[in-house]
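# Structural features, examined
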Amino acid sequence: MGALPKRKISKGRKNRRRLADKLTVTSLSKCPKCGARKRAHFECPSCGYYKEEIKKETK
Ligand SMILES: [Zn+2]
C-alpha cells in the first residue's frame, strides 16, 4: 500500500480549498479593443479579441 491520507477530507474543507482558487483570478488585464477586463493570455470574454505582444523572452 502506498502513502494515504489518514482522514478523508470533508466536503466543506474540500470546497473551501477550491473556492480560494476561484476567488483569486491571477493576472487580470484589460482588453485593448473594448476595455473589458479579461485574463492575460486568454481571449476577451466580451468581444473575443486576442492579441498578445510577443516579446522575445530571454532564457
Ligand atoms: Zn474585448
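Every chain's residues receive numbers from 1 upward, in the order its sequence appears when written. The predicted origin of the model limits local features to residues at a pLDDT of at least 70 and limits the giving and counting of side-chain atom pairs to 80 or more, whereas totals for whole chains, interfaces and linings rest on all residues. As a rule here, side-chain values cover all heavy atoms of the structure and leave hydrogens and water aside.

### Some remarks on the overall build of the protein chain
- We count a stretch as a helix when DSSP gives it H or I for four or more residues in a row; a strand needs E for two or more, and each element gets its number in order from the N terminus. The helix and strand inventory of the protein chain stands at one helix and two strands.
- Ordered by position from N to C terminus, the α and β elements of the protein chain give α-β-β.
- Using C-alpha atoms as the atom set, the radius of gyration is obtained and then compared with a globule rule of 2.2 Å times the number of residues to the power 0.38. What you see for the protein chain is a C-alpha radius of gyration of 19 Å, clearly larger than the 10 Å of a compact globule of 59 residues, by over 25%.
- Counting only C-alpha atoms, the protein chain reaches 50 × 30 × 15 Å along its principal axes.
- By the burial criterion, 7% of the 59 residues in the protein chain qualify as buried.
- Across the protein chain, contacts joining residues at least 24 apart in sequence account for 0% of those joining residues at least 6 apart.
- Looking at the protein chain as shown, the accessible area adds up to about 6,300 Å², and 54% of this sits on carbon and sulfur atoms. Accessibility here uses a 1.4 Å probe with only protein chains present; expressed as a share of the type maximum, an area under 20% marks a residue as buried, one over 50% as exposed, and anything in between as partly exposed. Only heavy atoms enter the contact rule, under which two residues are in contact if any of them lie within 4.5 Å. Note that accessible areas follow from Shrake-Rupley with a 1.4 Å probe, and for residues the cover is restricted to the protein chains shown.

### Observations concerning the environment of Thr 26
- For Thr 26, the location among the structural elements is in the loop between α1 (11-23) and β1 (28-30).
- Using a relative accessible area of 53% as the deciding quantity, one classes Thr 26 as exposed.
- It is 21 Å that separates the C-alpha atoms of Thr 26 and Glu 57, two residues lying 31 residues apart in sequence.

### What about the environment of Lys 14?
- Within the secondary structure layout, Lys 14 lies in helix α1.
- A relative accessible area of 41% means that Lys 14 is categorised as partly exposed.
- Note: C-alpha distance between Lys 14 and Ala 40 (26 residues apart in sequence) is 28 Å.

### What to know about the coordination of the zinc ion
- For the zinc ion, the protein coordination sphere consists of Cys 31 (SG), Cys 34 (SG), Cys 44 (SG) and Cys 47 (SG), at 2.2 to 2.3 Å.
- Donors, by definition, are the N, O and S atoms found within 2.8 Å of a metal, the threshold being 3.2 Å for Na, K and Ca, and water is not counted, so a site can look incomplete. Geometry is assigned from the angles between donors: four donors with all angles from 85 to 135 degrees make a tetrahedral site, four or six donors whose opposite pairs exceed 155 degrees while the rest stay between 65 and 115 make square planar or octahedral sites respectively, and everything else is labelled irregular. Around the zinc ion, the four donor atoms sit at angles spanning 104 to 116°, and that spread fits a shape best called tetrahedral.
- All donors of the zinc ion belong to a single chain; written as a sequence motif, their spacing is C-x2-C-x9-C-x2-C.

### Looking at the packing of aromatic side chains
- Centres within 6.5 Å make a pair out of two Phe, Tyr or Trp rings, where for Trp the six-membered ring is used; the pair is then stacked when the planes are under 30 degrees apart, edge-to-face when over 60, and tilted otherwise. For the structure shown, the criterion picks out zero aromatic pairs.
- For the cation-ring pair, Arg 39 lies above Phe 42, with the distance from its terminal atom to the ring centre recorded as 4.5 Å. In our convention, an over-ring charge means Lys NZ or Arg CZ found within 6 Å of a ring centre and within 35 degrees of that ring's normal.

### A few points about a positive patch on the surface
- Distance thresholds for patches are 9 Å for like charges and 5 Å for nonpolar side chains (Val, Leu, Ile, Met, Phe, Trp, Tyr), applied to residues having over 30% relative accessible area and no salt bridge. Put simply, a salt bridge is a Lys or Arg side-chain nitrogen that is within 4 Å of an Asp or Glu carboxyl oxygen. Only four residue types enter the tally: Lys and Arg on the positive side, Asp and Glu on the negative side, with His and both chain ends excluded. A charge is said to be at NZ when it belongs to Lys, at CZ for Arg, at CG for Asp and at CD for Glu. Together, Lys 8, Lys 11, Arg 13, Lys 14, Arg 16 and Arg 17 line one region of the surface with positive charge.
- Note that Arg 16 resides in helix α1.

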